[in-house]
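Spelled out, the chains give:
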Amino acid sequence: MRRSIAVVLLSTLALTACSSTDSSGAEKTAASCAPASGPVTLTFTSWVPDIQKVVDIWNKANPAIQVTVQTGPNGNGGTYQNFFNQLKAGNAPDLGQIEYDALPSFRVQDGLTDLAGCSDVTAAKDQFVDWTWNQVSFGEQGHVYAVPQDAGPMALFYRKDLFEKNNIKVPTTWQEYADAAVKVKAAGGYITNFSNSDINQFAGFAWQAGAHWFTNDGTNWTVDLTDPATTKVAGYWQDLIDKKLVSAVPPWTDEWNNAYNESKAWTWVSAVWGANSIATGAPKTSGKWAVAPMPQWNAGDQVAGNWGGSSTAVFKGSKHPYEAAKFALWLNTSSEALTELNKVANLYPAAKSGSALPALSEGVAFYGDQKIYDVFSTASGQVKPDFTWGPTMTQTYADASDGFKAAVSGQGTLLKALQDAQASTIQTLKSQSIPVKE
Amino acid sequence: MTVLTRRAAAMLVMAVCTVYFLTPLWWLFVGATKSGGRGVGLWFDHFQLGANVRAVLTYQDGIFVRWLVNSVGYTVGAAALGTLLAGMCGYALAKYRFPGREAIFNVVLGGVLVPATALALPLFLLFSKAHAANTFWAVFLPSLVNPFGVYLARIYAASSVPDELLEAARIDGSGEVRTFFTLSVRLMAPAFVTIFLFHFVAVWNNFLLPLIMLGNQKLFPVTLGLYTWNSQVDQRPELRGLVLVGAFVSLAPMIIAFLALQRFWRSGLGAGSIK
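All values reported here derive from a predicted model rather than from experimental measurement.

Let us look at the overall build of chain B. What chain B contains, in helices and strands, is 12 helices and 0 strands. Along the three orthogonal principal directions, the C-alpha set of chain B runs to about 70 × 70 × 30 Å. Burial status across chain B gives 42% buried among its 275 residues. Taking all contacts inside chain B whose residues are at least 6 apart in sequence as the whole, residues at least 24 apart take part in 70%. In the form shown here, chain B has an accessible surface area of approximately 14600 Å², with 71% of it arising from carbon and sulfur atoms.

Below is the structure:
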């Protein structure tokens, strides 16, 4: 019993303790980046399955810089919250995996080490696809807050056999895509499934159309989830939903897999990692798929969207930013690490050299031996470089997907959902004392 | 006639409840027997439970077995020790008069009302200060605490351990500790079993605390391990099936604990009714 009291008392103390800690102001200058004099041990948290195998390669070759792997569920599944807790408690790992859309939240909480002081890192800029570098530098000149790891350039997966059999032209524009949707419906299928609970796909569409959901002028954030580009995209899909030309089962479910496996859904505009999702979700359709560039808003354009991707960041408080940055660069540029990352977790590298990896230059049997990664490599170079994520994406996603789910079941519209998410995002920013312009 | 219909109505309600509670378990069982977790549904196709279980146990060098062992370690250890602590505490509160007794009891009762979830983050900050986050103890020590067990033990000790018996023991020269372990523990056995079972289930299902405390995969309990796998499904689609099978396998220790202990439980519940 005495123990129970102790716990109650101590936890009260802890609560007061954490409420009294104030966040220090953001540093404007990059951290110094000097090598340590002796051997160093770094900790690295990542939820890439079997990341240990990749790190083992490094540890074997670098006895003076040993990396210990920590793991956990994916970022939004709890690891991001753990990072914030650990930053507060002062025991954050040296390095952590952070997706591009979560980086701004760590930036506004001042949780990241600015690696611009590490000349190795700044020198590596040209090794990465341009837009991925913008994701980790937020477009700020002379700053870089993480090293890009992987990317999710988008393209069109389609059932080559069914399109040919029904004499439907493979769409190159969104207008043609909508026309094809009518023909597919007539042939007894759906052109695709609209991802109603995973709004990241929609974000990829908006990104392609030139949306700017968030901008930051150095002090203030601007939120614009309903800019003209996004409104156009929302209207487009709303129309397909209203005409019942797309299905809307929840993504990543057996129902969803079945729709593809039973040839009910004929295309999927998705990211490069989607290649693996279809291959495992719809094994019966092996050899019948192909990949084409993403449909365009204007005929002749060459613009792609992006869905997913993450970076390797060095947390504030790491005592060894030099060594940490060195490891992060090796992990994300060396061909041995990129090959292994692709093997254990299907990561598609953000490094330009990634497209030359043997595994990414071969034909894929599931796609009729098409060299599908060539399409994605081209797409990665066509992703618009100026899309910025906001600092409270978890909340924005949650609110928008609530609205999307309702819209798909006939209550409200996608646009209305975005308007609501816009309001609640501004509210959330304000409640976290993040300066926002209305 | 009326007796018959009443009985039929009662049976119907029971049947509906049974179906309601068992359907998810049945679904899990059926799902665990299918190949690659493919297809939902309440009936079998391609029955291959054996192969599935083998796949789970050997995936990533058998990390799942490690998680199971960890869970058993956290659970059995914390439940046994926690039950003893709660039992002693409740017994002392029921049988000894000392200043502050009610105050202490009220604080413990207050502890029942504080959800474990609310304590996870403060505990993390505490353990971080002590440089003990991400260790076995970070999950084990907080799991020992069981205020509801204290409450239960006090109530039970008050009604099942007669003061006269304790007097007699004292007159015969038995020390307090000896009396507790030789006499009171036996009288309170049903309460101990109940506390142990509740505690066992609570620690086995504990998720948030390990999630916040642990980063080392080798320390994960099975709940956190399965959750981690489930969140990696988009990179490793084969994990979908393995999570189902793993969830099914992880039920086994709980079922064993209940079946093995329910005997004691029943005899305890019956004992009071003859009075």
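Here the narrative resumes.
On to the interface of chain B and chain A, then. Facing the 35 residues of chain B at the interface are 39 residues of chain A. Measuring nitrogen to oxygen at the nearest pair gives 3.0 Å for the salt bridge that ties D254(A) to R240(B). At the junction of chain B with chain A, the criterion picks out 10 residue pairs in polar contact (both at pLDDT 80 or more). Going through the elements one at a time, α2 (49–95), α3 (101–113), α4 (116–129), α10 (208–213) and α11 (222–231) of chain B are the ones with two or more residues in the side of chain B that touches chain A. The element contributing the most residues to the side of chain B that touches chain A is α4(B), with 7 residues. Looking at the side of chain B that touches chain A, its residues break down into 21 nonpolar, 11 polar and 3 charged.

It is worth spelling out the state of the cysteines at this point. Residue and element names in this part refer to chain A. Tallied over the full model, the rule gives 1 disulfide over all chains. Here C33 is linked by a disulfide to C118, with a sulfur-sulfur distance of 1.9 Å. Residues C33 and C118 are joined through a disulfide that is right-handed, its torsion about the S-S bond being 95°. Taken together, the positions of C33 in the loop between α1 (2–20) and β1 (40–45) and C118 in the loop between α4 (103–108) and α5 (119–123) put the pair 85 residues apart, joining distant regions of the chain.

Another aspect to go through is the pairing of strand β2 (residues 65–70) of chain A. Successive residues of a regular strand alternate their side chains across the two faces of the sheet. Residues and elements named next belong to chain A. Two elements, β1 and β2, share 6 bridges in a ladder whose sense is parallel. For T45, the partnering residue across the bridge sits in β2 and is Q70. Between the parallel pair β1 and β2, the chain is carried across by helix α2 (residues 51–61), and the sense of this crossover is right-handed.

Once that is clear, we can look at the packing of α2(B) against α3(B). Residue and element names in this part refer to chain B. Where α2 meets α3, the closest approach of the two axes is 10 Å, and the angle between their N-to-C directions is 145°. Where α2 crosses over α3, the two elements pack in a sense that is left-handed. Contacts between α2 and α3 involve L93, A94 and K95 on the former and, on the latter, R101, I104 and F105. Of the residues assigned to the contact of α2 with α3, the class counts are 4 nonpolar, no polar and 2 charged.

Turning our attention to the nonpolar core. Membership of the largest hydrophobic core comes to 142 residues, with the highest contact counts inside it found for I98(A), W213(A) and W237(A). Viewed by domain, this core spans two of them, domain 1 (29–151 + 308–360) and domain 2 (154–305 + 372–437) of chain A, each represented by three or more residues. In this structure, W213(A) is in contact with F202(A), A203(A), A206(A), T222(A), V223(A), D224(A), L225(A), T230(A), F387(A) and W389(A), ignoring residues within four places of it in sequence. In this structure, A78(B), V139(B), F200(B) and I212(B) belong to the second largest nonpolar core, which totals 48 residues.

With that out of the way, let us pick up the UniProt feature "transmembrane region" (unreviewed entry) in chain B. Residues and elements named next belong to chain B. Within the UniProt annotation, "transmembrane region" (unreviewed entry) is assigned to residues 9–29, 72–94, 103–124, 136–158, 179–201 and 241–261. The span residues 136–158 is 87% helical and 0% strand by assignment, and the distance between its end C-alpha atoms comes to 36 Å. Across residues 241–261, helical content stands at 100% and strand content at 0%; the span's end C-alpha atoms are separated by 32 Å.

The next thing to look at is the domain arrangement of chain A. Residues and elements named next belong to chain A. Split into domains, chain A comes out as domain 1 (29–151 + 308–360) and domain 2 (154–305 + 372–437). Taking the mean C-alpha position of each, domain 1 and domain 2 sit 28 Å from one another. Listed per partner, the contact involves 17 residues of domain 1 and 22 residues of domain 2. Counting the surface lost from both domain 1 and domain 2, the interface buries some 1700 Å², and carbon and sulfur atoms represent 58% of this. Summed over the three residues of domain 1 that lose the most area to domain 2, namely D101, W131 and Y348, the buried surface amounts to 35% of that side. At the boundary of domain 1 with domain 2, the tally comes to 0 salt bridges.

Quick look at the UniProt feature "domain: ABC transmembrane type-1" (unreviewed entry) in chain B now. Annotation from UniProt places "domain: ABC transmembrane type-1" (unreviewed entry) at residues 68–261 of chain B. What you have in residues 68–261 of chain B is 79% helix and 0% strand, and the ends, taken at the C-alpha atoms, are 20 Å apart.

The subject of this paragraph is a nonpolar patch on the surface. All names here are of chain B. Together, Y20, F21, L22 and L25 line one region of the surface with nonpolar side chains, adding up to about 470 Å² of accessible area. Here F21 lies in helix α1 (residues 2–33). In this structure F21 comes out as exposed when scored by relative accessible area, which is 58%.

Residues and elements named next belong to chain A. The element strand β8 (residues 267–271) is largely enclosed, with a buried count of 5 among its 5 residues. Summarising the sheet, strand β5 (residues 154–159) and β8 pair through 5 bridges and their orientation is antiparallel. Paired with A155 across the two strands is S270, which belongs to β8.

With that settled, consider the environment of P349(A). Residue and element names in this part refer to chain A. Within the fold, P349 resides in the loop between α14 (335–345) and α15 (372–381). C-alpha of P349 to C-alpha of Q395: the two residues are 46 residues apart in sequence and 28 Å apart in space. Other than its neighbours up to four places away in sequence, P349 contacts Q149, D150, A151, L338, G354, L357 and L360.

Here we come to the sheet that holds β8(A). All names here are of chain A. One open sheet accounts for 3 strands, arranged β8-β5-β9; its pairing is antiparallel. Each of the sheet's edge strands pairs with one partner strand only, and the pair in question is β8 and β9 (289–293). Each strand axis lies, on average, 30° off the axis of its neighbour in the sheet, ignoring direction.

For the rest of this paragraph, the subject is the pattern of salt bridges. Summed over all chains, the structure comprises 18 salt bridges over all chains. A salt bridge links E164(A) to K160(A); the nearest nitrogen and oxygen atoms lie 3.6 Å apart. Linking E164(A) with K160(A), this pair stays in helix α7 (residues 160–165), spanning 4 residues, or about one helical turn. Judged by its relative accessible area of 55%, E164(A) is exposed. When its relative accessible area of 40% is taken as the criterion, K160(A) is described as partly exposed. K95(B) is paired through a salt bridge with D163(B); the nearest N and O atoms lie 3.0 Å apart.

Conventions adopted
All residue numbers refer to positions counted from 1 along the written sequence of the respective chain. As they are written, the chains are lettered A onward and the ligands numbered 1 onward, keeping that order. Owing to the predicted nature of the model, reporting of local features is limited to residues with pLDDT of at least 70; listing and counting of side-chain atom pairs is limited to 80 or more, with chain, interface and lining totals taken over all residues. Only hydrogens and water are removed before side-chain values are computed, so all heavy atoms of the structure are retained for them. Numbered from the N terminus, helices here are DSSP runs of H or I no shorter than four residues, and strands are runs of E no shorter than two. Relative accessibility decides the category of a residue: with a 1.4 Å probe and only protein chains considered, values under 20% of the type maximum give buried, values over 50% give exposed, and everything between is partly exposed. Contact criterion: two residues are considered in contact whenever any of their non-hydrogen atoms come within 4.5 Å of each other. Note on areas: Shrake-Rupley, 1.4 Å probe, and residue coverage restricted to the protein chains presented here. Should a side-chain nitrogen of Lys or Arg be within 4 Å of a carboxyl oxygen of Asp or Glu, the pair is scored as a salt bridge. Residues adjacent in sequence count toward polar contacts only when both atoms are side-chain atoms; beyond that, a polar contact is any pair of N or O atoms within 3.5 Å, and within protein one must be able to donate a hydrogen and the other to accept it. The classification used treats Ala, Val, Leu, Ile, Met, Phe, Trp, Tyr, Cys and Pro as nonpolar, Asp, Glu, Lys and Arg as charged, and all other residues, Gly among them, as polar. Cysteine sulfur pairs qualify as disulfides if the two atoms are within 2.5 Å. When DSSP finds two or more bridges between a pair of strands, those strands are recorded as paired. By convention, a crossover is right-handed whenever its connection, traced from the first strand over the helix to the second and viewed with the strands pointing away, goes clockwise. Each axis is a line fitted through C-alpha atoms, taken for helices only over the stretch in contact, and angles between the N-to-C directions span 0 to 180 degrees. For a crossing to be left-handed, the near helix must be turned anticlockwise from the far one by less than a right angle; the clockwise case is right-handed. Nonpolar core, defined: a set of buried Ala, Val, Leu, Ile, Met, Phe, Trp, Tyr and Cys residues in which side-chain atoms within 4.5 Å join the residues together. Boundary definitions for the domains trace back to an automatic or database domain assignment. UniProt positions are given in the numbering used here, feature names are shortened, and annotations may be inferred rather than shown by experiment. In short, buried area is how much 1.4 Å probe accessible area vanishes from two parts on joining, totalled over both. Only residues whose relative accessible area exceeds 30% and that take part in no salt bridge are eligible for patches, with like-charged residues grouped when within 9 Å of each other and nonpolar side chains (Val, Leu, Ile, Met, Phe, Trp, Tyr) grouped when within 5 Å.

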